[in-house]
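Listed here are the chains, written in short residue letters.
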Amino acid sequence: MKNVQTYISKNKRRFLNELLDFLRIPSVSADPKFAKDVKKAAQFLKARMDEAGLDKTKIYPTKGHPIVYGEKIIDPKLPTVLVYGHYDVQPPDPVELWDSPPFEPVIKKTKIHPQGAIFARGACDDKGQLYMHVKAFEAMQKNGGVPCNVKFMIEGEEEVGSDNLEIFCKKYSKMLSSDVVLLSDTSVIDNKTPSVTVGLRGLSYVEVEVTGPNKDLHSGVYGGGVTNPVNALCQMIASMHDLNGHITIPGFYNEVVELSSDERKFVNKAPFSEAAYKKSLGIKDISGERGYSTLERTSTRPTLDVNGIWGGYIGEGAKTVLPSKAFAKISMRLVPNQHPDKITKLFTDHFKKIAPPGVTVVVRPHHGGFPAVTPTNTIEYKAASMAMKTTYGKEPIPVRGGGSIPIVAMFEKVFGVKSVLMGFGLDSDDIHSPNEHYGLFNFYKGIETIPLFFENYSKLKAKS
Ligand code: BES
Ligand code: MN
Ligand code: MN
């Protein structure tokens, strides 16, 4: 292990430069314009995985973006860790709000990252975090080898719902067989307070289209006489929360598992400063579902949020027009035991029911994902906890995260395999936002911690 750590510290610069090259490839999965770049990123990654010493590396095409695979089987009798990550990134929009171009990474110091942070789309989510695994593997491989079998499965469609991942996993279930999934695609509380993510929210994502008159109209000649679809959409959306911040869709909370008071106490024990939260977001007040703390609202409670809304005239100056159509993209974050398809159906039925006379509505489901909770009484949790305790000098706190990663529930449901969410980002790293960044401290800390996970996991597993 000592040699591994020495190797890491000797090769830090190169590791970083390789990541910067990876970040220069705009692998935006949502926008077909970037399909070639997504492919290029897969090829880049495969080449780096070859260099790191992985065997049987291959780019597997899917109906969407390809999946990159590689493995090192040292002994079929030993346990197998499947490393998961995603090389696709979110669209960089709005590009004009970036301080430097999103695909030209720069390193800058910030208050939170005094040692410097890499600014680029995907720096933290998830290229920087998945690349830590490639480099940790390289470090182990070059210094005595990995202590158990390792498989890498890195997909290119996480940011668009991992639609083809389940099909791929079922088709190659033998190749992918494993004892545990290890991924770094989440955050720690802060750089002095490590944490392991033990839960993720699920997701139902829909797009709605509200149609009024069959064409845009003069808002003076027709205004007042017909239902304006943008007005209607706003009213419908507003009505979906009551004054207590509860979601009003009938049946929405039916399956929600309420936490016990001990569990709630535990969630609320995690360090959280409301003042710092407000300050960092530039807001005067927090809000949300009545009766729950911010920590609960953003992790153990379901939500409904408009992600985008448009319709009518949005160009320069004023154009008096009563629009024919209005649109919105809406996400619902789900908690155990909500079912994404059932929630999508409840939303659709309700949305149609509340449409005022004079408009028709269409609801188009996008992607979904199940919520997941991972236990803390497992060998893999212990292995992650011990690894972080060694590198941070402090035992990590188990926390439930608010985001979604579809593979976690899918792997449990389809293969009965649990995941360990050992992420190293910070919530303040602006993933999905302009100026996404990833701390150098975090990047290197991840590379140092991952080999310890493998060592602990192999030892604990051998004893069990
Ligand atoms: N890495 C994030 C999820 C995440 C971030 C979880 C921080 C916990 C803490 C992931 O790439 C992501 O953005 N997922 C999408 C899900 C999806 C189905 C499009 C999300 O949560 O919006
Ligand atoms: Mn991610
Ligand atoms: Mn993401």
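1. Structural notes on the overall build of the protein chain
Scanning the protein chain for helices and strands turns up twelve helices and 18 strands. A globule of 464 residues ought to have a C-alpha radius of gyration of about 23 Å, and the protein chain, at 23 Å, matches this closely. Overall, the protein chain is about 80 × 50 × 45 Å in size when its C-alpha atoms are taken along their principal axes. Taking all 464 residues of the protein chain together, 53% fall into the buried category. At a minimum sequence separation of 6, the contacts of the protein chain that also span at least 24 residues come to 78%. Of the roughly 21200 Å² that the protein chain leaves accessible, carbon and sulfur atoms contribute 53%.

2. Things to note about the coordination of the manganese ion (ligand 2)
In an ideal tetrahedron of four donors about a metal, each angle is 109.5 degrees. In an ideal octahedron of six donors, the angles are 90 or 180 degrees. Coordination of the manganese ion (ligand 2) by the protein involves H86 (NE2), D125 (OD), D185 (OD) and D185 (OD), with metal-donor separations of 2.0 to 2.4 Å. Of note is the manganese ion (ligand 2), whose six donor atoms meet at the metal with angles of 57 to 165° in an arrangement that counts as irregular. Between consecutive donors of the manganese ion (ligand 2), the numbers of intervening residues give the motif H-x38-D-x59-D. Between the manganese ion (ligand 2) and the manganese ion (ligand 3) the interatomic distance comes to 3.6 Å, and D125 is a ligand of both metals. Pair noted here: H86 is in strand β3 (residues 80-86) and D185 is in the loop between β7 (180-183) and β8 (187-188), with a separation of 99 residues, a long-range link. You'll find H86 and D185 in the same group, each marked buried.

3. Points about the coordination of the manganese ion (ligand 3)
The protein atoms that coordinate the manganese ion (ligand 3) are D125 (OD), E159 (OE), E159 (OE) and H432 (NE2), at distances of 2.1 to 2.5 Å. The site at the manganese ion (ligand 3) holds six donor atoms, and with the angles between them running 56 to 156°, its shape is irregular. All donors to the manganese ion (ligand 3) come from one chain, and their sequence spacing reads D-x33-E-x272-H.

4. Things to note about the side chain of H350
Turning to its location among the elements, H350 is positioned in helix α9 (residues 340-353). Overall, H350 belongs to the buried group, its relative accessible area being 10%. Those residues within four positions of H350 in sequence are excluded, and the remaining contacts are M240, T248, I249 and P250.

5. Structural notes on the packing of aromatic side chains
Taken as a whole, this structure holds 17 aromatic pairs when the rule is applied. Plain terms: the ring middles of F453 and F454 are 5.8 Å apart, the flat faces sit at 90° to each other, and that makes the pair edge-to-face. Exposure remark for F454: the relative accessible area of 2% places this residue in the buried category. Pairwise contacts between aromatic rings join Y60, Y69, F168 and Y172 into one cluster. One cation-aromatic arrangement involves K12 over Y444; the distance from NZ or CZ to the ring centre is 4.7 Å. In this arrangement the basic side chain of K445 is found over the ring face of Y392, its NZ or CZ atom lying 5.3 Å from the centre.

6. What to know about the nonpolar core
Judged by nonpolar contacts, the single largest core of 65 residues is most densely connected at Y87, F453 and F454. If one sorts the elements of this core by residue count, helix α12 (residues 440-463) sits on top with ten residues. If you look at the next biggest cluster of nonpolar residues, it comprises 24 residues, including V208, A232, V359 and V361.

7. A look at the domain arrangement of the protein chain
Entries for the protein chain in the domain assignment read domain 1 (2-200 + 372-463) and domain 2 (202-256 + 302-369). Placing the centre of domain 1 and that of domain 2 at their C-alpha centroids yields a distance of 35 Å. The interface of domain 1 with domain 2 comprises nine residues on the first partner and six residues on the second. Carbon and sulfur atoms make up 51% of the area that domain 1 and domain 2 hide from each other, which totals about 520 Å². Remark: the boundary between domain 1 and domain 2 carries zero salt bridges. Looking at side-chain class alone, the side of domain 1 that touches domain 2 contains three nonpolar, four polar and two charged residues.

8. Notes on the packing of helix α10 (residues 379-392) against α12
Look at α10 against α12: their axes get within 8 Å of each other, and the N-to-C directions meet at 135°. Judged on the interaxial angle alone, α12 and α10 are oblique. Seen from above, α10 lies across α12 with right-handed handedness. In this structure, α10 uses I379, E380, K382, A383, A384, M386, A387, M388, T390, T391 and Y392 to contact α12, whose residues at the interface are F441, K445, E448, T449, L452, F453, N456, Y457, L460 and K461. Looking at side-chain class alone, the contact of α10 with α12 contains twelve nonpolar, four polar and five charged residues.

9. Some thoughts on the sheet that holds strand β5 (residues 117-119)
Taking strand neighbours across the sheet as the criterion, the three strands line up as β4-β5-β18 in an open arrangement whose pairing is antiparallel. The open sheet has two edge strands with one neighbour each: β4 (106-108) and β18 (437-439). The sheet shows a mean angle of 30° between the axes of neighbouring strands, taken without regard to direction. Where β5 lies against β18, three bridges are found, and the strand directions are antiparallel. Bridge assignment links A117 to a residue of β18, and that residue is G439. On top of the sheet, helix α1 (residues 2-23) reaches β4 and β5; it is set at about 20° to β5, its chief contact.

10. Examining the site of ligand 1
Near ligand 1 there are 17 residues, and of these E158, D185, R333, S404 and H432 occur at the shortest range. D185 places a side-chain nitrogen or oxygen 2.8 Å from a nitrogen atom of ligand 1. At a separation of 2.8 Å, a nitrogen atom of ligand 1 approaches a polar backbone atom of S404. Looking at the shell around ligand 1 residue by residue, the class counts come to five nonpolar, seven polar and five charged.

Basis of the calculations
Within each chain, residues carry numbers counting from 1 in the order of the written sequence. Here chains are named by letter from A upward and ligands by number from 1 upward, in the order in which they appear as written. Side-chain atom pairs in this predicted model are given and counted only at pLDDT of 80 or more, local residue features only at pLDDT of at least 70, and totals for whole chains, interfaces and linings cover all residues. Side-chain numbers come from the whole structure's heavy atoms, not from hydrogens or water. A run of H or I in DSSP becomes a helix once it reaches four residues, and a run of E becomes a strand once it reaches two; helices and strands are each numbered from the N terminus. It is over C-alpha atoms that the radius of gyration is taken, and the globule rule equals 2.2 Å times the number of residues to the power 0.38. Relative accessibility decides the category of a residue: with a 1.4 Å probe and only protein chains considered, values under 20% of the type maximum give buried, values over 50% give exposed, and everything between is partly exposed. Whether two residues touch is decided by their heavy atoms; if any such pair falls within 4.5 Å, the residues are in contact. Throughout, the Shrake-Rupley method with a 1.4 Å probe supplies accessible areas, and for residues the shown protein chains are the sole cover considered. Counted as donors are the N, O and S atoms within 2.8 Å of the metal, or 3.2 Å for Na, K and Ca, while water is not among the atoms, so some sites may look incomplete. Geometry is assigned from the angles between donors: four donors with all angles from 85 to 135 degrees make a tetrahedral site, four or six donors whose opposite pairs exceed 155 degrees while the rest stay between 65 and 115 make square planar or octahedral sites respectively, and everything else is labelled irregular. Geometry of aromatic contacts follows a simple scheme: Phe, Tyr and Trp rings, the Trp one being its six-membered ring, pair when their centres are within 6.5 Å, and the pair is stacked under 30 degrees between planes, edge-to-face over 60, tilted otherwise. Think of it as a cone above the ring: NZ of Lys or CZ of Arg counts as a charge over the ring if it is within 6 Å of the ring centre and within 35 degrees of the ring normal. Working definition of a nonpolar core: buried Ala, Val, Leu, Ile, Met, Phe, Trp, Tyr and Cys residues. They are joined through side-chain atoms within 4.5 Å. Residue ranges assigned to the domains are those given by an automatic or database domain assignment. Note: buried area is the sum, over both parts, of the accessible area (probe 1.4 Å) each one loses when the two are combined. A side-chain nitrogen of Lys or Arg and a carboxyl oxygen of Asp or Glu constitute a salt bridge if their distance falls within 4 Å. Residue polarity is assigned by list, with Asp, Glu, Lys and Arg as charged and Ala, Val, Leu, Ile, Met, Phe, Trp, Tyr, Cys and Pro as nonpolar; anything else, Gly included, falls into the polar class. To obtain each axis, a line is fitted to C-alpha atoms, and for helices this fit is confined to the stretch in contact; angles are then taken between N-to-C directions over 0 to 180 degrees. Should an angle fall under 35 degrees it is called roughly parallel, over 145 degrees roughly antiparallel, and 65 to 115 degrees roughly perpendicular, with every other angle called oblique. Handedness of a crossing follows from how the near helix is turned relative to the far one, being left-handed for an anticlockwise turn of less than a right angle and right-handed for a clockwise one. Strand pairing is assigned whenever DSSP detects at least two bridges linking the two strands. Throughout, the term near means that a residue has one or more heavy atoms lying within 4 Å of the molecule or strand in question. The definition of a polar contact used here is a pair of N or O atoms within 3.5 Å, where within protein one atom must be able to donate a hydrogen and the other to accept one, and adjacent residues in sequence count solely through side-chain atom pairs.

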